[in-house]
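# Per-entry structural report
If you want the building blocks of each chain, they are given just below.
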Amino acid sequence: RTDSPQILQPSATIADVPRIGWSATPYKSDPDPAKGLTLWLHELDRYSIDDALADGVLVPWSASGLGAWDAKRVNDMANQASRLKPDDPERDDIAADQQEIIDAASVLWVQQQTGPGVVSARHVVDAEAFAKRLEDAGVRAMTLHSNQSPSIRAARLEALQQGVIDCLVHVQILVEGVDLPWLQWGCLRRPRGRVGFVQEVGRFLRSSPGKSLAALFDPYGLFVQHGISHPSQLAGATVDAVEEVEEEVQPPDMIEV
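Presented here is an overview of the structure given in this document. Remember, predicted model here, so these are calculated numbers, not experimental data.

Thresholds applied
- Residues numbered from 1 in each chain as written.
- Predicted model: local features only at pLDDT ≥ 70, side-chain atom pairs only at ≥ 80, totals over all residues.
- Heavy atoms only, no water.
- Helix = DSSP H or I, 4+ residues; strand = E, 2+ residues; numbered from the N terminus.
- Buried < 20%, exposed > 50% of the residue type's maximum accessible area, 1.4 Å probe, protein only.
- Contact = heavy atoms within 4.5 Å.
- Patch = residues over 30% accessible without salt bridge, like charges linked within 9 Å, V, L, I, M, F, W, Y side chains within 5 Å.
- Areas by Shrake-Rupley, 256 points an atom, 1.4 Å probe, with all protein chains shown as cover.
- Salt bridge = Lys/Arg side-chain N within 4 Å of Asp/Glu carboxyl O.
- Lys, Arg positive; Asp, Glu negative; His and termini not counted.
- Charge placed at Lys NZ, Arg CZ, Asp CG, Glu CD.
- Expected span 1.5 Å × (residues − 1).
- Pairing = 2+ DSSP bridges.

## Let's talk about the overall build of the protein chain
Within the protein chain, the secondary structure is distributed over 8 helices and 6 strands. Secondary structure elements of the protein chain, listed N to C terminal, follow the sequence α-α-β-α-α-β-α-β-α-β-β-α-β-α. Burial analysis of the protein chain (257 residues in total) assigns 42% to the buried set. A separation threshold of at least 6 residues defines the contact pool for the protein chain, and within that pool the share at least 24 residues apart is 74%.

What follows is the structure, encoded as structure tokens:
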């Protein structure tokens, strides 16, 4: 967030001094390479994913998605919706049917996981409803969101780590600035922009004693859309073109099989 007014305005009044920074996501939403991160001019060093895997900082991951039949159904619905007018109420019905396919596949995948894991949700009502659906399917699930007190959130995280429950369904809690290397798996049930996606995946790849692999369920095909390694986008630097990032995104029209 170094390009926010809270940083740029006071920075303009301070004498120039050398600055050095570290970031896992040194890029922003604007695809124009000339509009890079304003305060940063050069990339001094890059610590790649391959480096982190070789050093044991990260663990390898296994990412799976919708089966071929479910992906085809979702894509067919997307094609159907694209032929409708933007204000046609049938589009909402189609979106609900697509989400049901994704949710049913997510429940089946979560049932097969072992160890502590988390599922992402769009909002609090969505989190509560999906946690109830998991409980009905025999998964010991609870929610984690900003409407809860810090003590409740801490207690539920401890219950997850200790194996008292199987998973937490969270709303934008376990993404940026959170260190839970003991997480074994994650269900990426909320579509994300590139920056948010990289941050969320990073929660699961961190190494921990006894952890050799991170399992991820990616029903929206975000690994194909975004990837997790990108060129830096700094002011004045020559970088490759990057895709636009929107933190609040709609489900993709098509899902890669």
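## Overview of a negative patch on the surface
Taken together, Asp45, Asp50, Asp51 and Asp55 make up a surface patch of like negative charges. Considering the arrangement of structural elements, one finds Asp55 in helix α2 (residues 49–55).

## Examining helix α7 (residues 194–205)
Along its 12 residues, α7 runs 17 Å from first to last C-alpha, staying within 8% of the 16 Å computed at 1.5 Å per residue. Counting buried positions along α7 yields 12 of 12 residues, so the element is predominantly enclosed. Looking at the buried positions of α7, the neighbouring elements they touch are β1 (61–64), β2 (117–120), β4 (167–170), β5 (185–187), β6 (214–217) and α8 (222–225).

## Things to note about the pairing of β2
Side chains Gly117 and Val119 of β2 all project onto a buried face; the interleaved residues Val118 and Ser120 project onto the opposite face, where all are buried too. One ladder, built from 3 bridges, connects β2 with β5; its direction is parallel. Within the sheet, the bridge partner assigned to Val119 lies in β5 and is Cys187.

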